[in-house]
Amino acid sequence: MLLDRLAGTNAGQPRAVDPAFAVPSTISSESPPDGPVVAVTRRPVDAGTLIDGKYLLEQRIGAGGMGVVYLAKHVALDRRVAVKLVSNAHLVDANAIRGFEREAVVMARLKHPNIVTIYDFGISVDAGAYFVMEMLEGVTLGQEIRKAGRLDVERAVSIVGDVCKAVEAAHAAGVIHRDLKPDNVFIESAPGGSDVVKVLDFGIAKLRETGDGSEPEGFGGCIGTPAYMSPEQCRDDAIDPRSDVYALGCVLFACLTGRPPFIGGSVVSLLARHVDGVPPHPSSFNPDIPEALDDVVLRALNKMPDERQPSAAEFAAQMRHAVGARYEVSQEAPPSELREALESSSTTGPRESNLPAPVTSFIGRAVDLSALVSSIESSR
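What you see is a predicted model; the values in this text were computed from it and never measured. (Residues numbered from 1 in each chain as written. Predicted model: local features only at pLDDT ≥ 70, side-chain atom pairs only at ≥ 80, totals over all residues. Heavy atoms only, no water.)

**Let's talk about the sheet that holds strand 10 (residues 139-140)**
And then number 1: Pairing in this open sheet of three strands is antiparallel, and the strands run 10-12-13 from one edge to the other. In the strand order of this sheet, the two ends are held by strand 10 and strand 13 (195-199), each with one partner.
And then number 2: In the sheet, strand 12 (residues 185-189) pairs with strand 13 via five bridges, with the strands oriented antiparallel. In the strand pairing of strand 13, Ile187 is matched with Val197.
And then number 3: Here helix 4 (residues 153-172) sits on the sheet in contact with strand 12 and strand 13, set at roughly 40° to strand 13. (Pairing = 2+ DSSP bridges. Helix = DSSP H or I, 4+ residues; strand = E, 2+ residues; numbered from the N terminus. Contact = heavy atoms within 4.5 Å. Axes fitted to C-alpha atoms, helices over the stretch in contact; angles between N-to-C directions.)

**Here's the deal with the confidence of the model for the chain**
And then number 1: When pLDDT is averaged along the chain, the result is 75; 66% of the residues meet or exceed 70.
And then number 2: Between the elements of the chain, mean pLDDT differs from a low of 32, seen in strand 1 (residues 17-18), to a high of 98, seen in helix 6 (residues 241-257).
And then number 3: Predicted confidence for residues 209-221 stays below pLDDT 50, and this span has 33 contacts to residues more than four positions away or in other chains.
And then number 4: A low-confidence stretch, residues 326-334 stays under pLDDT 50, and its non-local contacts, those more than four residues away or across chains, total 21 contacts. (pLDDT = per-residue confidence, 0-100.)

**With respect to helix 9 (residues 312-322)**
And then number 1: Helix 9 sits mainly inside the fold: ten of its eleven residues count as buried.
And then number 2: Turning to helix 9, its buried residues number three or more, namely Ala312, Glu314, Phe315, Ala316, Ala317, Gln318, Met319, Arg320, His321 and Ala322.
And then number 3: Positioned one or two residues after helix 9, Gly324 has a phi angle of 80°, which is positive. (Buried < 20%, exposed > 50% of the residue type's maximum accessible area, 1.4 Å probe, protein only.)

**Things to note about the pairing of strand 9 (residues 128-134)**
And then number 1: Among the seven residues that make up strand 9, seven are buried, leaving the element largely enclosed by the rest of the structure.
And then number 2: Relative to strand 9, strand 7 (residues 79-86) is paired through five bridges, and the arrangement is antiparallel. The residue bridging Lys84 from the neighbouring strand is Phe131, located in strand 9.
And then number 3: Connecting strand 8 (residues 118-124) to the antiparallel partner strand 9 that follows it, the hairpin turn spans three residues.

**Some thoughts on the packing of helix 6 against helix 8 (residues 291-300)**
And then number 1: Viewed as axis vectors pointing N to C, helix 6 and helix 8 meet at an angle of 140°, and their least axial separation amounts to 7 Å. Between helix 6 and helix 8, the interaxial angle falls into the category oblique. Helix-helix and strand crossings are classified by hand; for helix 6 and helix 8 the assignment is left-handed. Residue-level inspection shows Val245, Tyr246, Gly249, Leu252, Phe253 and Leu256 of helix 6 in contact with helix 8, the latter providing Leu293, Val297 and Ala300.
And then number 2: When grouped by side-chain class, the residues that make up the contact of helix 6 with helix 8 number eight nonpolar, one polar and no charged. (Parallel < 35°, antiparallel > 145°, perpendicular 65-115°, else oblique. Left-handed = near helix turned anticlockwise from the far one by under 90°. Nonpolar A, V, L, I, M, F, W, Y, C, P; charged D, E, K, R; others polar.)

**Focus: the packing of aromatic side chains**
And then number 1: Under the definition given, this model contains two aromatic pairs.
And then number 2: Relative to Phe285, the ring of Phe253 lies with its centre 6.0 Å away and its plane at 65°, an arrangement referred to as edge-to-face. Taken together, the residues Phe253 in helix 6 and Phe285 in the loop between helix 7 (267-276) and helix 8 connect sequence positions 32 residues apart.
And then number 3: The positively charged end of Arg79 is found above the aromatic ring belonging to Tyr119, 4.2 Å away from the centroid. (Phe/Tyr/Trp six-rings, centres within 6.5 Å; stacked < 30°, edge-to-face > 60°. Lys NZ or Arg CZ within 6 Å of the ring centre and 35° of its normal.)

Written out as structure tokens, the structure is:
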């Protein structure tokens, strides 16, 4: 169990602090195996290093638990890219290296407008393991929260809704992110001032179980950021897409309040609160949050995966209904629970209508909503 290992002799060692919310940053429970370590060696690199004869590193632009990111140029194509050099700590043996290569192929195949595009990957004698990604210009969601203190409700729901689309697409491909947090969400400004949201760092994602029940070996073990880790991650238990739903609840909480559900203390105490602590209501920090949205967040933060929203799509649907947002019928359906309630309340069965999906203020009031729909239709 991860909590037990962290509570051991090294638990008191200082750890890096995530400046976003003053909590410990990304951690890993993996330890090198006994015997010789088969590690990816890496020479010291800096701006000016040419990787695999293709990518010229120009400027260091970021760093995190998985490695360092550089602005770079594809020399032959004269195209700006971002290159992430993966930390050797995550590539300690042959299995980990195979896991990196397998997962990199899966990540490169994830094609979605809300997922950062991976162009290439490899293991170089110059720089070790690396990913090559599209170069983005803008700010992370973490930076936006730090700047604004918190986001207004509608913008928070809009941004996290786009994150949900990315996560749902990844889950459909059998990929669990495992490290969803504001600093792994990037916001670009499109013409007209609208937000273009991209989810980053799928490089530490976990492949879901294969059809025969055997789980592919990954290259990370138990990885995550303590402020956003699900209880099952904290216990180092098996995870599924509902672990990402928990993290989505934490991310929305941070957007709405300026802080994650649990903060402060040691890594051990923070993880313990995810396992046993009662999360506060987001509205206790921000009175503008509607009660229905409180309920959606707290359901996502349930300790039991079976009690959470079953998918990122369902979380997004409930979240948007909770603020009265309308749906694009061609892309999204109302939450399954609301749909079932509407159908069960009608004496004539499901109603066919081209009206927009019902809005939040009628959640839990299916009879009232059916009466309103009937009144509108009869007046036409």
